[in-house]
Structure formats: structure tokens, C-alpha cells
Amino acid sequence: MKMDHHPAASIPPDHAMTRKPVVRNPGRRAFLAGTATLPTLWLAGCGGTQSDLPTAPPVGNPTPPPAMPLNGPRGLHVSLTGDAASSRAVTWFTDGHEAGPSLLEFDTVTPAMSASDIQIMPMAVQAEGSADATPGVEAYTHRASVEVLDPSLPFRYRVGDGESWSDVRVVQPTPSGNWRFTLFGDHGITERAALVNRQVLNTPTDLLLIAGDLSYANGNQPVWDQWFDSVEPLLSERVTMTAPGNHEEEDDGGNTFKNRFTHPGRNTFYSFDYNRVHFMVSTAGALINDGTLPEELLTIETDLALAAARRAAGEIDFICVLQHFTIWTDQEGRAPANPSLVLLEENILVRYGVDVVLCGHDHVYQRSVPMAFGIPNPLGYVQMMVGTGGQSVRLFEPTIQSWSAKEFIGTGYAIFDVEGRTMRGQYIGTAPTGLGDDVRQNPTDDFQVVDSFEIQAKDMIACRACALPPRNAQALLANYDATAAHTRRRNAHALALAHCA
């Protein structure tokens, strides 16, 4: 199945995705207003400006959230908990002291259906999900995972409690041939983030990956609702998988992230296949205080060992790791590397021949050549640092390391077209009006193709060399105490930079 993709700058707006303003619960509005005077933890030391304070929705958001009945469902987003072709998970929120039923109605979109038919025709299946209290606000998080009726047809759905319902949303089927995924991290609710929302919304894609630091709520929980309002038109109709970042740690040690998203397994570290690409999602130690990092390291080891064996057997073509933290970097003040991740995981990535590491954290774009341990290596991994989702814009060190293939200062996202054993990538970005501290945070809204590249699947000899048995816990965790202590120091340092202003 060949997808008809177009350069991002030439794609016409998707008018079908435009929504009306949301109608809010007065009690929740009062609660939001009451938090306006709370101290806000803010990444000023990471290149932010006063305009980055998460106290209001972004100015001029081109994709306002949909209209909902009072206390109706909001913040809809679609993810995977099972097979990418045949399963869908939907998560949403409602306001109030009681959860009510968690109902998901769904069906298919057939070629003969009109836009009106999609909205009004009865659904074939109703499923009941579950609900949990949403941290920090008078609301509930609802989720339901279902098997689609026909994997070859679009999935249409709505959620509600039997009385109040969302609009009907449509998620396109997983392609059986060529397909596309999109990546960015470090998003927030700034004007720059709104520009990225609009651009990605108008770029055809099958899977969206967000590499951590999503809302920048930093403990101010209603900011999460603002963030979900801003991204709902996108996340409600695109399958989206996310990794937690260091700013998710500030929300009750990551518990807000665990509550508000639905992923496989532990929810913060997990893996999934999308066609012939295997994705391993890692916390990279961002949530080390929840006590699961030893388990996560063992999970990464066994998961990547199995993926390497499957690749050697011809079952998959690529192995990708999604996480927030970079391993190597040339961002100003953070070069040349993240020593904790060199100790924690780089040897695992190299041992099993990971093809691509997708990450954010540093608010610049930087793509590596194939590399290992900071040195160009044709058998190593390509690191894609796309921490340019909109929160702020940073700078590079004067000297760039030898592994770097491309650098960019500004705001933007990456797209990857997977065509058999080739990934054809582009970075779409908009430069700021200048690089000085007084203008670097001002976007130009002129998105262009900044970088184009190809990543080839490893040949069979290399694949077989990486098909190694997983190591046991004694070998992997022999130096865990020292590594964990270093990881905690790194995380504390990152937060100290965030709050130094």
C-alpha cells in the first residue's frame, strides 16, 4: 500500500479537523483560576523566556479543542496496547466528583459514508472501560482498549457516559505497506508549540511519537488539561505513543504521566511493533525514584535481545528506541554526553544493534551519523535529537563533535517514511527571528525542510552478529548502585537548571 505523502510546507489545511471552543465545567474553571497564583516550576535555565510560563493557553492556537456538553468527555487521545493493526486504546477525561460510565462506541468507515453519516450513523459495538481519579484536579481519567472490527478500514469512535458524548473521531487504518511516523519532544503550551501542532496536524502521518516533556506542568496539574485541550484535534485521530521526561518526574514522581496515558506493560517503559519496525520505549532513568529502573534495565536487555533475534530471522527490519534523554549532545552547556546513559544503556543499544535512538531533552535538532560510544561507526545507531517541539529554543556549543551530521536551531519536528528496508527522513523546522537572547524565542512560522536523510536496515551479517543472548541480572546490575546515584545527580542537575531563574 503506497501512501501519497507530500512535503509538509505544501499540505493544505485539514478543515475537517477544525473544532469549536470547549464549554467548561464552572467548578473546574474556578479551580483553574485558583491555581493562577501557585508557584510555577519553569525551565528558564534551559533557554526559556517569560512567555514560556504555563499559565495560559498558547496565543493564536490554530486548532482549538472540540465543543463538549457540560461535564462531557475531553482530552481524547488514541494509543496502542496490542497489535498495531487490530487494536486501539482510547483515553479521555471528565470533570466532577463522580466518574460515571466509561463507554466507548466504535465502528468502521466504509467508502460510501458521507461526513454526516460518519457522525450520525449508529455504532456497531459499545465497550465499557475503566476510570481512575485524575491527579490534582476534580476529574477522572477513562480508558478503554478494543479490537477493531476491520483492520483495513478507518476506525470511527466516540466516548461518553451514555448521555454526554464526544464528537465522532476517525483514526485511519495501519497501512500494510509503506507508512510514516512523526517525532518531536519538549512540547508545552507555548505559541511555538501551537505552531508545531498545526504543522503536524496538516502533515499526513500514521504514528506520532512524543519524546517526553509533554506539558511542562511541573506539578501544576491543571496545565495538563490545557495541554490536552491544545493537542486533542491531533491526538484524538492519530495513534500516539509517548515517553516520560524529567519534567514528568515533577508531577508526583511520574504518577500523572502513568494516569493520563495508556500504553502496554508498565506504561512508562514498554515496547510495540508497527509493521516491521520494533519500538522500545524507555524512561532513560527519568523516573528513577519510582523504584522500577532495575526492572526496566532487565526489560530493555531481554526485549532488545529478542528483537535482534527476530531481525536476524527476517521478521522485522528496524529496531528503534524512544526516550527523552539524549545520550550524546552538542547543546550548549550539556556537551559532549550524558554519562549516566553511557553507563546505563549505550552498551545495550550497541550490543543488540539498535538502528535509531529517538530522543528530545535538548531544545535543538541534531542528527548523528551511525555512531557508538561517541565515535562514528557504520554498525552503530543513528541518534535523532528532536527536542524542538516548542517549549524553548537553545544554542549549540562552538565546537561540534565528529559524529554530528546535521544541526539546527529553532522549532520543528521530524518525519520518517518507512519504505521496506529504508527509512527516508526529513526534519521540518522554522528558525527564530534571531539567535540573541532577546529574540531567540520568537518563531517565524516559516516551516521548511531543513534536513533530508536515509537510514538503511542492517545487512544480514550485521544482524546475525547482534543476535546475542540476554545477559542475566547479576551482569547487568553489578554496578547499579553507582549508576543509580549518578543518574539521580543528573536528574537533580537538570531540575536545578530548570528552576535557576
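Residues numbered from 1 in each chain as written. Predicted model: local features only at pLDDT ≥ 70, side-chain atom pairs only at ≥ 80, totals over all residues. Heavy atoms only, no water.

Visitor: Just checking my understanding: could you explain the sheet that holds strand 8 (residues 169–171) for this structure?
Guide: The strands that make up a sheet are held in pairs by hydrogen bonds between backbone atoms, and each pair lies either parallel or antiparallel. Here we have four strands laid out as an open sheet, ordered 4-3-7-8, and antiparallel in their pairing. With one partner strand each, in any of the chains shown, strand 4 (125–128) and strand 8 form the two edges of the open sheet. On average, each strand axis in the sheet is inclined to that of its neighbour by 30 degrees, with strand direction left out of account. (Pairing = 2+ DSSP bridges. Helix = DSSP H or I, 4+ residues; strand = E, 2+ residues; numbered from the N terminus. Axes fitted to C-alpha atoms, helices over the stretch in contact; angles between N-to-C directions.)

Visitor: Even after reading the chapter, I still don't get the nonpolar core, so can you show me in this structure?
Guide: What tends to happen in soluble globular proteins is that the nonpolar side chains get buried as a cluster. Formed by 73 residues in total, the largest nonpolar core has its most connected members in Phe279, Leu358 and Met384. When residues of this core are assigned to their parent elements, the largest contribution, seven residues, is made by helix 4 (residues 222–235). Among all residues touching Leu358, those that are not within four sequence positions of it are Phe181, Leu183, Leu209, Phe279, Cys320, Val321, Leu322, Gln323, Met384 and Phe416. Counting residues in each nonpolar core, the second largest holds 32 residues, with Ala308, Phe325, Ala337 and Leu341 among its members. (Core = buried A, V, L, I, M, F, W, Y, C linked by side-chain atoms within 4.5 Å. Buried < 20%, exposed > 50% of the residue type's maximum accessible area, 1.4 Å probe, protein only. Contact = heavy atoms within 4.5 Å.)

Visitor: Please explain helix 4 as it appears in this structure.
Guide: Structurally, the α-helix is built with 3.6 residues per turn, so residues lying three or four positions apart point the same way. Here helix 4 is 14 residues long and its end C-alpha atoms lie 18 Å apart, about the 20 Å a rise of 1.5 Å per residue gives. In the structure, helix 4 departs most strongly from a straight axis at Asp229, where the bend amounts to approximately 35 degrees and where the proline Pro233 lies between one and four residues downstream. Burial of helix 4 is extensive: 14 of the 14 residues sit out of reach of the surface. (Expected span 1.5 Å × (residues − 1). Bend = angle between axes of the 7 residues up to and from the residue.)

Visitor: Help me understand helix 3 (residues 191–201) in this model?
Guide: Most of helix 3 is tucked away, with nine of its 11 residues classed as buried. By the N-cap criterion, in which a side-chain oxygen at the helix start approaches the backbone nitrogen of a residue two or three places on, helix 3 is capped by Thr190, the distance to Arg192 being 3.3 Å. (Polar contact = N/O pair within 3.5 Å; in protein donor to acceptor, adjacent residues only side chain to side chain.)

Visitor: Looking at this model, I keep getting lost on the sheet that holds strand 12 (residues 270–274). Mind explaining?
Guide: The strand order across the open sheet formed by seven strands is 12-13-14-15-19-16-20, and the pairing between neighbours is mixed. The open sheet is flanked by strand 12 and strand 20 (404–408), the only strands paired with a single partner. Pairs of neighbouring strands in the sheet enclose a mean axial angle of 15 degrees, with direction left out of account. Where strand 14 (residues 318–322) meets strand 15 (residues 356–359), three bridges bridge the pair, whose relative direction is parallel.

Visitor: How should the side chain of His263 be read in this particular structure?
Guide: On the secondary structure map, His263 appears in the loop between helix 6 (255–260) and strand 12. For His263, a relative accessible area of 6% corresponds to the buried category. Reaching out from His263, the side chain makes a polar contact with the side chain of Tyr270 at a distance of 3.4 Å. Leaving out residues up to four positions away in the same chain, His263 has contacts with Leu80, Thr81, Met241, Thr242, Phe257 and Tyr270.

Visitor: What exactly am I supposed to notice about the pairing of strand 21 (residues 411–419) here?
Guide: As a general feature of sheets, a regular strand has side chains that alternate between the two faces. For strand 21, a buried count of eight out of nine residues is recorded, marking the element as mostly surrounded by other parts of the structure. In this structure, strand 9 (residues 179–184) lies alongside strand 21, joined through five bridges in antiparallel fashion. By the bridge assignment for strand 21, Phe181 is matched with Phe416. Pairing of strand 21 with strand 22 (residues 422–430) involves nine bridges; the strand directions are antiparallel. Of the residues in strand 22, the one forming a bridge with Ile415 is Gln426. Remark: two residues form the turn of the hairpin made by strand 21 and strand 22, two consecutive strands paired antiparallel; Gly420 in that turn has positive phi of roughly 65 degrees.

Visitor: Any chance you could explain the confidence of the model for the chain here in plain terms?
Guide: Low pLDDT means the predicted atomic positions in that stretch should not be read closely. Per-residue pLDDT for the chain has a mean of 87; in total, 85% of the residues score no lower than 70. Ignoring residues within four places in sequence, the model shows residues 1–69, a span with pLDDT below 50, making 152 contacts including any to other chains. (pLDDT = per-residue confidence, 0-100.)

Visitor: What should I look at first to understand the pattern of salt bridges in this one?
Guide: Counted under the stated rule, the structure contains 23 salt bridges. A salt bridge links Asp417 to Arg180, with the shortest nitrogen-to-oxygen separation between them at 2.9 Å. Of this pair, Asp417 sits in strand 21 while Arg180 sits in strand 9, placing them 237 residues apart in sequence. Arg180 shares its class with Asp417; the two are buried. With its nearest N and O atoms 3.5 Å apart, the salt bridge here joins Asp317 to Arg421. Separated by 104 residues along the polypeptide, Asp317 in the loop between helix 7 (293–312) and strand 14 and Arg421 in the loop between strand 21 and strand 22 bring together distant segments of the chain. On the basis of relative accessible area, Asp317 is assigned to the buried category, the value being 7%. (Salt bridge = Lys/Arg side-chain N within 4 Å of Asp/Glu carboxyl O.)

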